[in-house]
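# Breakdown of the fold
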Amino acid sequence: MESKFILVLLASTTGATQCLRIASVVGERLGQKLRFAHVEIGPRSILLPSQEQLSEYEVEHLVDRERAETEKLSGIVAQWTQANGISAEFDLYKGDEWRVMRHYRNTASMVVLAAPNSQPVGHREALRAALLRTRHPVVMVPHTWEGGFARRLLVGWRDVPPLRRALDAFRPFLTAAEQVEVLAVDQEESVLEGARAALGPIAAGARYRSAVSEGRRTATVLLDAATAFQADGLVMGAFRRGEILNWLVPGTSSRLVHSSSVPLLMHP
């Protein structure tokens, strides 16, 4: 049986170097090889909200853009692997990420990718595909991120299954982190006892606190706390209310994905 690997899903050149840098840390920490993948989106994979099909001009532009991105990404990956002395497979597909991700359901252990809001049309569902198609933990990297990774981790505490799964998946990072802070937003102080019980065996020196949103969204409170803490990673459960409800009424997960300025360590 093939050994598990870290899948680096490169939707486009935007954020690619940031993903490669973070992925190297992830692979080293987990002791697993990296494997790269890129999907060249086809016109049939895109349905614009304003029209049923792409115009002839839009089809030609899309095909040219995708072909150019594939060539550039191949060069970026080749240069990066050579510079870092890494041997890794690079899978190239045509279609869309949602269909492609099923190939990695039983082989990848974790997925690293760039924030979807920074990606071109056709690639903005890559994160949902990674989370929901494979059910793997995901590290989402903002395309502007230039900081370190997983030295100072903030945990957005809510005692729900996705967060428990995230704690288990990212245990090696939480254990090795220099500092861990656990924040419960708009919850009773007593919930921190559950947090201590869950995190104590993983991050012995973690600090625990609660915060009141005072009318702000939970995502905003968490991001402000991450900035104040100088976090280089936010550990969280993803889409705890379910994908359909979260799509109809965006929740904390969607807002963090759209607005986060630090890497997100997520689990569905």
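Above: the structure in question.
Residues numbered from 1 in each chain as written. Predicted model: local features only at pLDDT ≥ 70, side-chain atom pairs only at ≥ 80, totals over all residues. Heavy atoms only, no water.

With mixed pairing, the ten strands of this open sheet are ordered in space as E3-E2-E1-E4-E5-E10-E9-E6-E7-E8. The two strands at the open ends of the sheet, each matched to only one other strand, are strand E3 (90-95) and strand E8 (207-211). Neighbour-to-neighbour, the strand axes of this sheet turn through a mean angle of 25 degrees, independent of strand direction. As paired strands, strand E4 (residues 108-114) and strand E5 (residues 138-141) are joined by four bridges and run parallel to one another. (Pairing = 2+ DSSP bridges. Helix = DSSP H or I, 4+ residues; strand = E, 2+ residues; numbered from the N terminus. Axes fitted to C-alpha atoms, helices over the stretch in contact; angles between N-to-C directions.)

Here we take up the pairing of strand E6 (residues 152-156). Taking burial as the measure, the five residues of E6 include four buried ones, the bulk of the element. Across five bridges, E6 lies against strand E7 (residues 179-185) in parallel orientation. Pairing of Val155 across the sheet is with Val182, part of E7. (Buried < 20%, exposed > 50% of the residue type's maximum accessible area, 1.4 Å probe, protein only.)

Here we come to the pairing of strand E9 (residues 234-237). With burial as the criterion, each face of E9 is covered, one bearing Leu234 and Met236 and the other bearing Val235 and Gly237. Taken together, the two bridges between E6 and E9 define a ladder with parallel strand orientation. Within E9, the residue paired with Val155 across the bridge is Val235. When E9 meets strand E10 (residues 264-267), the two strands line up parallel, connected through four bridges. Bridge pairing in E10 links Met236 to Met266.

Let's shift gears to unusual backbone geometry. If you check the backbone angles, Ala150 has positive phi at about 65 degrees while not being a glycine. Here Ala150 shows up in the loop between E5 and E6. Given the relative accessible area of 3%, Ala150 is considered buried. The residue Asp186 is not glycine, and still its phi comes out positive at about 55 degrees. Within the secondary structure, Asp186 sits in the loop between E7 and helix H7 (191-199).

This is a description of form; function is not addressed.
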